[in-house]
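Analysis of the macromolecular model
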Amino acid sequence: MTLFSKARTRILVGGALLVFLTLSACGGSASAEPSTNPQDSPSTEPSVEVDAMKAFREVLLRNSNYRDAESGEMLSIDQWFELGETVECEAQNYAVFDLDDDGTSEIILNMDVRKVKDYGTLILRYEEDTVVGYNLWARGFGDLKSDGTFVYSGGAFDHGVGKIDFSAFDPEVRHSIMEKVCYCESGGYEGESLKVSYYNDGAEITPDDFDLALKAQDEKEDVTWFNYTDDNVKALAEVDTV
């Protein structure tokens, strides 16, 4: 399915749901009491999702800027903020995925920075009518799966599986939104050997269990990636007028 088809399907399904709810309300008796159950009220999520896609589209087409989460600076999609300076970058491809399962998708872009290929990842998030950008280091976000988890590597004995937690963002701590899920880390020595510990969901595990967990991670379903082209970007939040 193309990106246009996915976007169109999302809009049509949201529209059909709204029509169904409206007709059901009109068919009720005049004496019926209005429901006070929040679950009975139409969700605003489809509208927020469309607004987010339109805002993302404008940033990706260079018609507007995004706010860098760390610096607060307004940047174009061709700019990357790191270590106190803004440098040139270029997006290669992107995925549309709800990383924090809040009902609104993010845009995840693989970026070349300073002409270094696959330098890092830029995540665009829709926050209070503004597109906010979070970046992660090279090898800090890879092989995104359909459950929102991904692999990262900070070294031979500092790697594993992570997920994104926007609520943990701290502008004073680099990459604070990355939460480790299943990982290994080194620290100290046992005799002459480097001590390496392995964890999964906060519990210490064996090296063999860690290897099995990484194998299971690799076998999960991948998300769909799209080439960063104007045609693909313009299909974001495409509205069917028929």
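The notes below deal with the structure included here.

Conventions and cut-offs
- Residues numbered from 1 in each chain as written.
- Predicted model: local features only at pLDDT ≥ 70, side-chain atom pairs only at ≥ 80, totals over all residues.
- Heavy atoms only, no water.
- Helix = DSSP H or I, 4+ residues; strand = E, 2+ residues; numbered from the N terminus.
- Buried < 20%, exposed > 50% of the residue type's maximum accessible area, 1.4 Å probe, protein only.
- Contact = heavy atoms within 4.5 Å.
- Areas by Shrake-Rupley, 256 points an atom, 1.4 Å probe, with all protein chains shown as cover.
- Core = buried A, V, L, I, M, F, W, Y, C linked by side-chain atoms within 4.5 Å.
- Phe/Tyr/Trp six-rings, centres within 6.5 Å; stacked < 30°, edge-to-face > 60°.
- Salt bridge = Lys/Arg side-chain N within 4 Å of Asp/Glu carboxyl O.
- Pairing = 2+ DSSP bridges.
- Axes fitted to C-alpha atoms, helices over the stretch in contact; angles between N-to-C directions.

Here we come to the overall build of the chain. On a plain count of helices and strands, the chain comes out with 4 helices and 13 strands. Residues classed as buried in the chain amount to 36% of the 242 residues present. Sequence separation of at least 24 residues holds for 49% of the intrachain contacts in the chain that already meet a minimum separation of 6. Per element, the accessible surface of the chain, about 14000 Å² overall, is 49% carbon and sulfur.

Moving on to the nonpolar core. Ranked by size, the top nonpolar core spans 29 residues in total, and within it Leu60, Leu109 and Leu124 carry the most contacts. Elements with a contribution of two residues or more to this core: α2 (45–60), β3 (79–82), β4 (85–97), β5 (106–113) and β6 (116–127). Take this core: its biggest share by element is 6 residues, from α2. Setting aside residues up to four positions removed in sequence, Leu109 forms contacts with Leu60, Ile77, Ala91, Asn93, Tyr94, Gly120, Thr121, Leu122 and Leu124. Among the nonpolar cores identified, the runner-up in size contains 20 residues, and Ile123, Phe150, Tyr152 and Tyr183 belong to it.

Before going further, it helps to spend a moment on unusual backbone geometry. Glycine aside, residues mostly have negative phi, and peptide bonds are mostly found in the trans state. Even without being a glycine, Arg114 presents a positive backbone phi close to 55°. When you line up the elements, Arg114 lands in the loop between β5 and β6. Exposure remark for Arg114: the relative accessible area of 41% places this residue in the partly exposed category. Of note, Asp118 is a non-glycine position whose phi angle comes to about 50°, a positive value. Here Asp118 shows up in strand β6.

Applying the stated criterion across every chain, the model contains 8 aromatic pairs. A ring pair is formed by Tyr94 and Tyr228, whose centres lie 6.5 Å apart and whose planes are at 90°; its orientation type is edge-to-face. With a gap of 134 residues between them, Tyr94 in strand β4 and Tyr228 in the loop between β13 (226–227) and α4 (230–234) connect regions that are remote in the sequence. Assigned by exposure class, Tyr94 and Tyr228 land together as buried.

Attention shifts here to the pattern of salt bridges. If you walk through the whole model with that rule in mind, you get 12 salt bridges. Salt-bridge contacts for Asp102 lead to Arg125; the nearest nitrogen and oxygen are separated by 3.6 Å. Of this pair, Asp102 sits in the loop between β4 and β5 while Arg125 sits in strand β6, and the two are 23 residues apart along the sequence. Given the relative accessible area of 35%, Asp102 is considered partly exposed. A salt bridge links Lys145 to Asp143; the nearest nitrogen and oxygen atoms lie 3.4 Å apart. Its relative accessible area of 1% is what places Lys145 among the buried residues. Through salt bridges that share partners, Asp100, Asp102, Glu106, Arg125 and Glu127 make up one connected network.

Take the sheet that holds strand β11 (residues 193–200) next. Taken in spatial order, the 5 strands of this open sheet run β8-β9-β10-β11-β12, and their pairing is antiparallel. Edge positions in the sheet fall to β8 (150–153) and β12 (203–205), since each of these pairs with one other strand and no more. Ignoring which end each strand starts from, the neighbouring axes of this sheet average 35° apart. Judged from the 3 bridges that link them, β11 and β12 form a sheet pairing that is antiparallel. Bridge pairing in β12 links Tyr198 to Ile205. The strands touched by helix α3 (residues 207–218) are β8, β9 (158–164), β10 (178–190), β11 and β12; relative to β9, the strand with the most contacts, the crossing angle is about 50°.

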